[in-house]
Amino acid sequence: MFNQSMSKQIALVDVNSFFASCERAFHPALKNVPVVVLSNNDGCVVARSSEAKALGVPMGIPWFKLEGQAKTWGLVARSSNYELYGDLSWRVMELLSRYSSGIEVYSIDESFLEVPRAVPDRNAWGIDIKAAVHQSTGLPVSVGIAPSKTLAKLANHGAKKKPHLQGVCDINRYPPEHLSQILAATPVTGIWGVAGRLGKRLAAMNIHSALDLRDSDERRMRKKFGVTMQRTILELRGVSCIPLEEERTTKNQLIHSRSFSHPVTTAREIEQVIGIYIQKIGARLRAQGSVAKTMTVWAGTSPFSEGESHHPSVRINFEVPTDNQIQLVKAAHSAFLPLVQHGMRYVRLGVVLTGLLPKTAGAVLDIFETSTDKKNIGLLLDSLTPKVEGVPIGLGRAGMKKPPGWSMRRGMLSPRATTHWEELITVKAN
Amino acid sequence: MRVSGESMLQAGISDGDEVIVDRSKSPQHGDIIIAELDGELTVKRLVITARGVILHAENPHYPDIVVPELSTLSVWGVVTMCLHHV
């Protein structure tokens, strides 16, 4: 239905059930077996293979609620192995970049690719990509091709749901009436960028399907919902409005939050957790060359426990945006520790840095800068920490020889097969 | 990958050696390959004959495995190098 020779075509390539597929890539025994991957600390289900979805395992369910039935279902759980997933993601993206000069890595498991104009058969091009990724990494991908990102997302969804498409769907192949049928069968909240809440407001206007939205009055909708909505409508009509962001801007927010393996009850332990978390998040901040204007520190008790609940949180604004380790830790300690209630069973703590700016942009002379600030202690710590196992060097109580008792529990962790020599996969010669 | 077992001794691959595996290569007759067998990864010499495909062990103490067709065999990659521990 679209003027194909004129319009640019975009492909969305993503890995099916990415985390679960990574676990399978090196463990053929997990093929066709329901697999779930658990959040940090083996808390909740964060990823499911298609077999696990078919069993009706919901996203986010705590593992302790499944553990009992797991054996009878043949369900296998794995701790999240982010190092393995990150490395396999990098390999997939590197491969994809061979198929197009225009690529936007959208998340750990999906990329938008501009289909090169010289490609004679887009469907065959998609099949090539799928085969190449599978051969080189063992991971299954789906490819959706369309004139806009929004439709490429939809095509990708179709490629997964309809087995006869074999994982590749070029939406241009459908005649207009057929495409309208597809859009009519797609609920409006199934469209990229239309969240559930927005869906309720749209339903009130009698817009239920993607087709209803596509055929709505785009100018009126813009007045009511803003320009993002107008873009979505145009994109559904095959007009590309959301360009590829090839250079992802540096992240404007950093988060480090984890659950503890057992509840933490004293301010002294919280003090230590803060020190370690800020050490990790500070290293990421400096690695991307940013300074932060605002830091939020929060902690929480378990939503599943019977006892009293407490969720202290504090927001700290810095006069001068900073990446200074000592300043971050001191500020967090002095603002957050007084909020900690002794004896409360905290199970989770998080540090969030927002209002991130490039370091050079914030180069305002701080006349109150104290002498320690100039010594680049943060960078010094960053250069020392990778050299030894774990986190043995840090500020105050963050510098312990042995990770303390609350550090993460990952009892079902697979080997980091592609990044650690000691953890190579073993192959049988017998 | 790290090798466990002695079935490839005569190909110069010993127990505990590390091998480099190229996943992008398609397996040819005579290659040493990593194949999936009953949910496990195994290292064998690929021998393609008129009668069928044989996964050959390079050690007389270990039997060959006959596969009816190459298409039924899931090949994980081709071994290109071995790091032998002395």
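Before reading further, recall that the structure is shown in the block above.
Residues numbered from 1 in each chain as written. Chains lettered and ligands numbered in written order. Predicted model: local features only at pLDDT ≥ 70, side-chain atom pairs only at ≥ 80, totals over all residues. Heavy atoms only, no water.

Draft legend 1. Quick look at the overall build of chain A. Helix and strand counts for chain A stand at 14 helices and 13 strands. Taking all 430 residues of chain A together, the buried fraction comes to 47%. Contacts in chain A between residues at least 24 apart in sequence constitute 67% of all its contacts with a sequence separation of at least 6. When the accessible surface of chain A is summed, it comes to about 21900 Å², and 54% of that surface belongs to carbon and sulfur atoms. (Helix = DSSP H or I, 4+ residues; strand = E, 2+ residues; numbered from the N terminus. Buried < 20%, exposed > 50% of the residue type's maximum accessible area, 1.4 Å probe, protein only. Contact = heavy atoms within 4.5 Å. Areas by Shrake-Rupley, 256 points an atom, 1.4 Å probe, with all protein chains shown as cover.)

Draft legend 2. How the structure looks around the sheet that holds strand S5 (residues 103-107) of chain A. Residue and element names in this part refer to chain A. Read from one edge to the other, the open sheet built from five strands follows the order S5-S6-S1-S7-S8, with strand pairing classed as mixed. The two strands at the open ends of the sheet, each matched to only one other strand, are S5 and strand S8 (168-170). Strand-to-strand, the axes of this sheet are offset by a mean angle of 15°, without reference to chain direction. Sheet topology note: the strand S1 (residues 10-15)/strand S6 (residues 110-114) ladder contains five bridges and is antiparallel. By the bridge assignment, Ala11 is partnered in S6 with Leu113. Relative to strand S7 (residues 141-146), helix H6 (residues 149-161) is tilted by about 140°, and along the sheet it contacts S1, S5, S6, S7 and S8. (Pairing = 2+ DSSP bridges. Axes fitted to C-alpha atoms, helices over the stretch in contact; angles between N-to-C directions.)

Draft legend 3. Geometry of the side chain of Lys44 of chain B. Among the secondary structure elements, Lys44 of chain B is positioned in strand S4 (residues 40-49). Separated by 3.4 Å, the side chain of Lys44 of chain B and the backbone oxygen of Asn430 of chain A make a polar contact. Among the polar contacts made by the side chain of Lys44 of chain B, one reaches the side chain of Thr42 of chain B at a distance of 3.3 Å. Not counting chain neighbours up to four residues away, the residues in contact with Lys44 of chain B comprise Asn430 of chain A together with Ser7, Met8, Asp31, Ile32, Ile33, Leu55, His56, Ala57 and Ile65 of chain B. (Polar contact = N/O pair within 3.5 Å; in protein donor to acceptor, adjacent residues only side chain to side chain.)

Draft legend 4. View of the sheet that holds strand S10 (residues 290-301) of chain A. Residue and element names in this part refer to chain A. With antiparallel pairing, the four strands of this open sheet are ordered in space as S9-S12-S10-S11. Edge strands, defined here as strands with exactly one partner in the open sheet, are strand S9 (253-264) and strand S11 (313-322). The average undirected angle you get between the axes of adjacent strands in this sheet is 15°. Of the strand pairs in this sheet, S10 and S11 are connected by six bridges, and their pairing is antiparallel. For Trp298, the partnering residue across the bridge sits in S11 and is Ser313. The strands touched by helix H12 (residues 267-287) within the sheet are S9, S10, S11 and strand S12 (346-358), with S9 carrying the most contacts at an inclination of about 150°.

Draft legend 5. Broad picture of the environment of Arg48 of chain A. Residue and element names in this part refer to chain A. As for its placement among the helices and strands, Arg48 is situated in strand S3 (residues 45-48). For the pair Arg48 and Asn16, spaced 32 residues apart in sequence, the C-alpha separation works out to 10.0 Å. Excluding residues that lie within four positions of it along the chain, Arg48 makes contacts with Ser17, Ala20, Val35, Val36, Lys53, Val57, Pro58 and Met59. In terms of polar contacts, Arg48 uses its side chain to reach the backbone carbonyl oxygen of Val57, at 2.9 Å.

Draft legend 6. View of the pairing of strand S5 (residues 52-56) of chain B. Residues and elements named next belong to chain B. Across the five residues of S5, four count as buried, placing the element largely inside the fold. Connecting the antiparallel pair S4 and S5 is a turn made up of two residues. With three bridges connecting them, S5 and strand S6 (residues 65-67) associate as antiparallel partners. Bridged to Ile54 within S6 is Val66.

Draft legend 7. Region of the structure containing the side chain of Thr186 of chain A. Considering the arrangement of structural elements, one finds Thr186 of chain A in the loop between helix H7 (176-184) and helix H8 (196-204). Not counting residues within four places of it along the chain, the set of residues in contact with Thr186 of chain A comprises Leu154, His208, Ser209 and Ala210 of chain A.

Draft legend 8. The packing of aromatic side chains, seen in detail. Counting across every chain of the model gives nine aromatic pairs over all chains. Seen from their ring centres, Phe18 of chain A and Phe19 of chain A are 5.8 Å apart, and the 55° between their planes marks the pair as tilted. A connected cluster of aromatic rings, assembled from ring pairs, spans Phe18, Phe19, Tyr82 and Tyr85 of chain A. Its guanidinium or amino end placed over the ring of Phe112 of chain A, Lys149 of chain A lies 4.8 Å from that ring's centre, counting from NZ or CZ. In this structure, Arg23 of chain B is placed above the aromatic ring of Trp76 of chain B, and the distance from its NZ or CZ to the ring centre is 3.9 Å. (Phe/Tyr/Trp six-rings, centres within 6.5 Å; stacked < 30°, edge-to-face > 60°. Lys NZ or Arg CZ within 6 Å of the ring centre and 35° of its normal.)

Draft legend 9. Structural detail: the nonpolar core. Leu96 of chain A together with Met1, Ile34 and Val43 of chain B are the most contacted members of the largest nonpolar core, which has 45 residues in total. In terms of residue count, the dominant contributor to this core is helix H4 (residues 82-96) of chain A (seven residues). Residues within four places of Ile34 of chain B in sequence aside, it is in contact with Val427 of chain A together with Met1, Val21, Leu41, Thr42, Val43, Ser74, Val75, Trp76, Gly77 and Val79 of chain B. In terms of nonpolar packing, the next biggest core, distinct from the first, is built from 31 residues, Leu254, Ile281, Ala331 and Leu349 of chain A among them. (Core = buried A, V, L, I, M, F, W, Y, C linked by side-chain atoms within 4.5 Å.)

Draft legend 10. Seen up close, the interface of chain B and chain A. Facing the 25 residues of chain B at the interface are 19 residues of chain A. Carbon and sulfur atoms supply 53% of the area buried between chain B and chain A, which totals about 1900 Å² over both sides. The three residues of chain B that bury the most area against chain A are Arg2, Arg23 and Leu41 of chain B, which together make up 36% of that side's buried surface. Linking chain B with chain A are two salt bridges, by the criterion used here. Our enumeration of links across chain B and chain A arrives at 20 residue pairs in polar contact (both at pLDDT 80 or more). For the side of chain B that touches chain A, the secondary structure elements donating two or more residues are strand S1 (2-4), strand S3 (32-37), S4 and strand S7 (74-83) of chain B. Residue contributions to the side of chain B that touches chain A peak at five residues, all from S4 of chain B. A class-by-class count of the residues in the side of chain B that touches chain A yields nine nonpolar, eight polar and eight charged. Across three bridges, the pairing between strand S13 (residues 426-428) of chain A and S1 of chain B is parallel. (Buried area = accessible area lost by both parts, 1.4 Å probe. Salt bridge = Lys/Arg side-chain N within 4 Å of Asp/Glu carboxyl O. Nonpolar A, V, L, I, M, F, W, Y, C, P; charged D, E, K, R; others polar.)

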